[in-house]
Amino acid sequence: RVMYPGLESDINYKIAKKQMTGFGGIISIEIDTDIDGVKRFLKNLTIFALAESLGGVESLIEHPGIMTHASLDKKTRQELGITDSLLRLSVGIEDADDLISSLDHALDKV
């Protein structure tokens, strides 16, 4: 599942379109796997760097469940929509085809 306000299918698309001239480079995804599959996915990324800060020019990825929101118990995370398979990507200035290839490669390992 992809959560990105630039997609017409996203719940926030209409408001984002009103408020923005562009949609930015932050994308949230949920992959269809458990925590072990998420760890395999992260381990097999070739370009995205694992980081809690998503503000650089390089492409970064963050796993809220084991990083920024790790201090919350699992039940509270679930109530907030922070599943074990939720990831946040900050797309940087690298070539788009290279980034897609990196994500495809990592997904193949799940």
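I will try to describe carefully the structure that is included in this document. (Residues numbered from 1 in each chain as written. Predicted model: local features only at pLDDT ≥ 70, side-chain atom pairs only at ≥ 80, totals over all residues. Heavy atoms only, no water.)

1. Structural notes on the overall build of the chain
Counted only if it meets this: Labels follow the DSSP assignment, with helices taken as runs of H or I lasting at least four residues and strands as runs of E lasting at least two, numbered in each case from the N terminus. For every residue, the accessible area obtained with a 1.4 Å probe (protein chains only) is divided by the maximum for its type, and the residue is called buried under 20%, exposed over 50%, and partly exposed between those limits. Working definition of accessibility: Shrake-Rupley area with a 1.4 Å probe, residue cover restricted to the visible protein chains. When charges are counted, neither His nor the chain ends are considered; positive counts come from Lys and Arg and negative counts from Asp and Glu. By convention, the charge on Lys lies at NZ, on Arg at CZ, on Asp at CG and on Glu at CD.
When you go through the chain residue by residue, the secondary structure sums to four helices and five strands. Reading the chain from its N terminus to its C terminus gives the helix and strand order β-α-β-α-β-β-α-β-α. Considering only C-alpha atoms, the chain reaches an extent of 40 × 35 × 25 Å along its principal axes. Burial statistics for the chain: of 110 residues in total, 35% are counted as buried. As presented, the chain carries roughly 6900 Å² of accessible surface, and 52% of it is formed by carbon and sulfur atoms. Here the chain contributes 12 positive and 18 negative side-chain charges, whose respective centroids are spaced 6 Å apart.

2. What about the pattern of salt bridges?
For clarity, the threshold we go by: Counted as salt bridges are all cases of a side-chain nitrogen of Lys or Arg within 4 Å of a carboxyl oxygen of Asp or Glu.
All told, the structure shown has three salt bridges when counted by the stated rule. Of the charged contacts, one joins Glu79 and Lys75 as a salt bridge, the two residues approaching to 3.0 Å between their closest N and O atoms. On the criterion of helical spacing, the pair formed by Glu79 and Lys75 is a turn pair, its members being four residues apart in helix 3 (residues 74–79). On the basis of relative accessible area, Glu79 is assigned to the exposed category, the value being 56%. Lys75 gets classed as exposed once you look at its relative accessible area, which sits at 58%.

3. Description of the sheet that holds strand 4 (residues 60–62)
Operational definition: DSSP-based pairing: two strands are paired if at least 2 bridges between them are found. A contact between two residues is defined here by any heavy atoms of the two lying within 4.5 Å. To obtain an axis, a line is fitted to C-alpha atoms, over the contacting stretch when the element is a helix, and the angle between two such axes runs from 0 to 180 degrees between their N-to-C directions.
Across the sheet, which stays open at both edges, the five strands sit in the order 1-2-5-4-3 with mixed pairing between neighbours. Looking at the sheet topology across the chains shown, the edges are occupied by strand 1 (2–3) and strand 3 (49–50). Pairing of strand 3 with strand 4 involves two bridges; the strand directions are parallel. Note that in strand 4 the partner of Leu50 across the bridge is Ile61. Strands in contact with helix 2 (residues 35–43) are strand 3, strand 4 and strand 5 (86–90); relative to strand 5, the strand with the most contacts, it is inclined by about 20°.

4. Quick word on the side chain of Glu30
Just so we agree on the cut-off: Residues adjacent in sequence count toward polar contacts only when both atoms are side-chain atoms; beyond that, a polar contact is any pair of N or O atoms within 3.5 Å, and within protein one must be able to donate a hydrogen and the other to accept it.
Mapped onto the elements, Glu30 comes out in strand 2 (residues 26–30). Polar contacts involving the side chain of Glu30 include one to the side chain of Thr83, which spans 2.6 Å. Filtering out sequence-adjacent residues up to four positions away, Glu30 remains in contact with Arg1, Met3, Gly81, Thr83, Ser85 and Leu86.

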